[in-house]
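So you can see what is in the structure, the chains are spelled out below.
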Amino acid sequence: MTDVIPSQHRKIFLKNALLMWAGLIVVIVGLSVWLSDGHLIYTLDDPYIHLSVAENIIQGGYGVNATEYSSPSSSILYPLLLALGEFIGLGFYTPLLLNIVAAGLSVYILLDFFWCYVLPRTTPSTDNFASLAALLLILSISGLALPMTGMEHSLHVLIALATIRGLITLAEGTRATPCPSWFIVAAILGPLIRFEGIALSGVTLVALLFLGRWRLAVFIGLTITALIALYGVTMISIGQSILPSSVMVKSNVFVSGTEQSGIANSLLALVNNFQNSLSERWGIIFLVAILLTSLSIVLAWRKYSLFQDKFWTSSKFIIGGVLILTLLAHMVAGRYNWFHRYEVYAVSVMILGGLYLLSKNIDTSIITNSFKAKLLFIGTLLFLAIPYGLATIATPFASRGIYEQQYQMHRFATDYFARPVAVNDLGWVSYQNDQYVLDLWGLGSEKARKLRANGKFDPQTVHTLATSKHIDYAMIYPDWFEQSIPSQWCLIAKLESEAITAASGTVHFYAISDFATKNMSAALDRFGETLPDRVILERFECTK
């Protein structure tokens, strides 16, 4: 058999797999739009924070309000990409387009690697085992659910896969092997797409030093440092912290700007985060992967002399080491879940790295047509893909959930009662809204974040903060605030909807100013007549 036939089979396999992926994406997006009454709605409220920031970037600001700087974005680069989309007229379609392109490239990288490194060269393009494995590999990197989140995680997965794929090329070659330009770009962009990306990029620099490519490591390291420094200087110049408020609010590790700041508390937070990882499904899987990879490296090391350079530059040591350190970094400082998106980049590193380290074993098992080996391989992929498969099924309903809650809140804030408003779930309400939006949770308001972090978020403080910003009314989750709701606020309505990715299905509307007390009721009357059938708006008499 010549090399032409395997090459043709590879092209057909990749074409069929990408068509399958694209077809499923179309179905998922179509169902999401249909369930949301014809609106393209992302499965999370968070992308609308980025879109709001993008709007203000175009106007020369940065944050969710045109009159005030804030740093709510979890990414350095993503708001700039969305701003470009806003500038050229793509608007809220930009996140979906970016994510679909990123997911498609990720699927191509992973499946191309699977075909070239794992499957035997004689595998036909229509092989059932290969086709089933392709579907499960697509699900295992959340290639179907992740794009509809509208967040930068699909880009993060692409960056992670491209980085590992590039390292494999360099580790298998010699010092004279040309370095792919896309690998350099991926290594640099990692921390700019997601702050967690600094772990993989940092480990990649160490790997390059082991491979004797110190000039490349220095170039990538200096470029990353310069770009992050530029971002940091820019944030400081507008009165913001280097780390965005979203990272400090959501992270279990960063406590800067609070009374708990300090090296000792930060180290303790890292230890606690690692312990919490051991109670998470993915955390346990990462630990098992770390232990198995470490064992395989030790067994491989026994074949080499301790003083031979060959082992320390071997592909098994390089890729295994990068896999171990990346997963360990996520266990120490990373987060999990929230519609299965925080850990997916690390899962992608584990899958591609694991496929490479086990490629010879899998290849041999398939060649011998071992049913048990194939069943074990498919079973493992199925086990890994289950959360993302469930997320895929839930995606259209999650879009509907955001449509029935946050999008309706946006409509009220822009079409029926366009006044300054306070919220605790920042996103849709701030996007395409010219009124001031106070984020009581702290993502879009640094003062609110510090008050919450320091335990000073009492009712009087909340009321003082709201009145200082001339807020007329609030739309908040009551169970997020417990005893922090001011007595001066008047409960005037309650919005009930099904919560899928939203933190609560109940939103309370409070009148704060005298203007809201007098005029909000009529606005709610008009608003209630336009709500979807599944949404319930309960009214209360406000006798303030």
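What counts and how
Residues numbered from 1 in each chain as written. Predicted model: local features only at pLDDT ≥ 70, side-chain atom pairs only at ≥ 80, totals over all residues. Heavy atoms only, no water. Helix = DSSP H or I, 4+ residues; strand = E, 2+ residues; numbered from the N terminus. Rg over C-alpha atoms; globule rule 2.2 N^0.38 Å. Areas by Shrake-Rupley, 256 points an atom, 1.4 Å probe, with all protein chains shown as cover. Lys, Arg positive; Asp, Glu negative; His and termini not counted. Charge placed at Lys NZ, Arg CZ, Asp CG, Glu CD. 1 Å grid on protein atoms, 1.4 Å probe; cavity = no way out; pocket = protein on both sides within 12 Å on 5 of 7 lines; lining within 4 Å. Points joined across faces, edges and corners; volume = space filled by probe spheres on them. Nonpolar A, V, L, I, M, F, W, Y, C, P; charged D, E, K, R; others polar. Core = buried A, V, L, I, M, F, W, Y, C linked by side-chain atoms within 4.5 Å. Buried < 20%, exposed > 50% of the residue type's maximum accessible area, 1.4 Å probe, protein only. Contact = heavy atoms within 4.5 Å. Pairing = 2+ DSSP bridges. Phe/Tyr/Trp six-rings, centres within 6.5 Å; stacked < 30°, edge-to-face > 60°. Axes fitted to C-alpha atoms, helices over the stretch in contact; angles between N-to-C directions. Parallel < 35°, antiparallel > 145°, perpendicular 65-115°, else oblique. Left-handed = near helix turned anticlockwise from the far one by under 90°. Salt bridge = Lys/Arg side-chain N within 4 Å of Asp/Glu carboxyl O. Polar contact = N/O pair within 3.5 Å; in protein donor to acceptor, adjacent residues only side chain to side chain.

Undergrad: Describe the overall build of the chain, with residues and values.
TA: Looking only at helices and strands, the chain features 21 helices and 6 strands. Here the chain has a C-alpha radius of gyration of 25 Å; the compact-globule value for 544 residues is 24 Å, and the two agree. Counting only C-alpha atoms and orienting by the principal axes, one finds that the chain spans roughly 85 × 50 × 45 Å. For the chain, the exposed area adds up to about 23200 Å²; of that, 63% sits on carbon and sulfur atoms. The chain carries 35 positive and 35 negative side-chain charges, and their two centres are separated by 13 Å.

Undergrad: Provide a residue-level description of the layout of surface pockets, including the pertinent values.
TA: The gaps left among the atoms become clear once a water-sized probe is rolled over them. The computed volume of the largest pocket comes to approximately 830 Å³. Broken down by element, the lining of the largest pocket gets its largest block of residues, 8 residues, from helix α17 (residues 371-404). Tallied by class, residues from the lining of the largest pocket come to 19 nonpolar, 6 polar and 2 charged.

Undergrad: How would you sum up the nonpolar core? Please name residues and give values.
TA: Core analysis: the biggest nonpolar cluster contains 109 residues, and L111, I220, W282, F286, M350, L355 and F377 have the highest contact counts within it. In terms of residue count, the dominant contributor to this core is helix α6 (residues 153-172) (12 residues). Ignoring any residue separated from it by four or fewer positions in sequence, one finds I220 in contact with I184, A187, I188, L205 and L208. M409, L495, A502 and A516 belong to the second largest nonpolar core, which has 42 residues in total.

Undergrad: Explain the pairing of strand β4 (residues 490-496) residue by residue, including any values.
TA: Taken across its 7 residues, β4 has 5 buried, putting it largely inside the fold. Where β4 and strand β5 (residues 506-511) come together, 6 bridges link them in antiparallel fashion. Among the inter-strand pairings, L491 is bridged to a residue of β5, identified as Y510. Here β4 pairs with strand β6 (residues 536-539) via 4 bridges, running antiparallel. By the bridge assignment for β6, K494 is matched with E538.

Undergrad: Describe the packing of aromatic side chains, with residues and values.
TA: Within the structure shown, the criterion is met by 32 aromatic pairs. Geometrically, the ring pair formed by F129 and F377 is tilted, given 5.7 Å between the ring centres and 50° between the ring planes. Within this pair, whereas F129 is found in helix α5 (residues 128-140), its partner F377 is found in helix α17, the two being separated by 248 residues in sequence. Each member of the pair, F129 together with F377, is buried. Look at Y407 and W428: their rings are 5.0 Å apart centre to centre, the planes differ by 70°, and that puts the pair in the edge-to-face class. Here Y407 is found in helix α18 (residues 406-416), whereas its partner W428 is found in the loop between β1 (421-423) and β2 (437-439), with 21 residues between them in sequence.

Undergrad: Describe the packing of α18 against helix α21 (residues 514-528), and please don't skip the residues or the numbers.
TA: Between α18 and α21, whose axes approach to 11 Å, the crossing angle comes to 125°. Classified by the interaxial angle, the pair formed by α18 and α21 is oblique. When you trace α18 past α21, the crossing you get is right-handed. Along the contact surface, α18 presents Q408, R411, F412 and Y416, while α21 presents M520, A523, L524, R526 and F527. Counted by class, the contact of α18 with α21 contains 6 nonpolar, 1 polar and 2 charged residues.

Undergrad: An account of the environment of T122 is needed here, citing residue identities and associated values.
TA: Checked against the element boundaries, T122 lands in the loop between α4 (94-118) and α5. Accessibility expressed as a relative area gives 57% for T122, which makes it exposed. C-alpha separation for the pair T122 and R213, spaced 91 residues apart in sequence, amounts to 36 Å.

Undergrad: How would you sum up the pattern of salt bridges? Please name residues and give values.
TA: If the charged atoms of two oppositely charged side chains come close together, the side chains can form a pair. Summed over the entire model, instances satisfying the criterion amount to 13 salt bridges. Among the ionic pairs, R534 bridges to E404, the shortest N-O distance being 2.8 Å. With R534 in the loop between α21 and β6 and E404 in helix α17, this residue pair connects regions lying 130 residues apart in the sequence. Where salt bridges share partners, they join R400, E404, E498 and R534 into one cluster.

Undergrad: Just give me the short version of the side chain of N273, but keep the residues and values in it.
TA: Turning to its location among the elements, N273 is positioned in helix α11 (residues 263-277). Among the polar contacts made by the side chain of N273, one reaches the main-chain carbonyl oxygen of V332 at a distance of 3.0 Å.

Undergrad: Quick one: what's the story with the sheet that holds β2, residue by residue and with numbers?
TA: What the 6 strands build is an open sheet, ordered β2-β1-β3-β5-β4-β6; its pairing is mixed. If you trace the sheet from one side to the other, it starts and ends with β2 and β6, each paired once. Averaged over all neighbouring strand pairs, the angle between strand axes comes to 20°, with direction disregarded.

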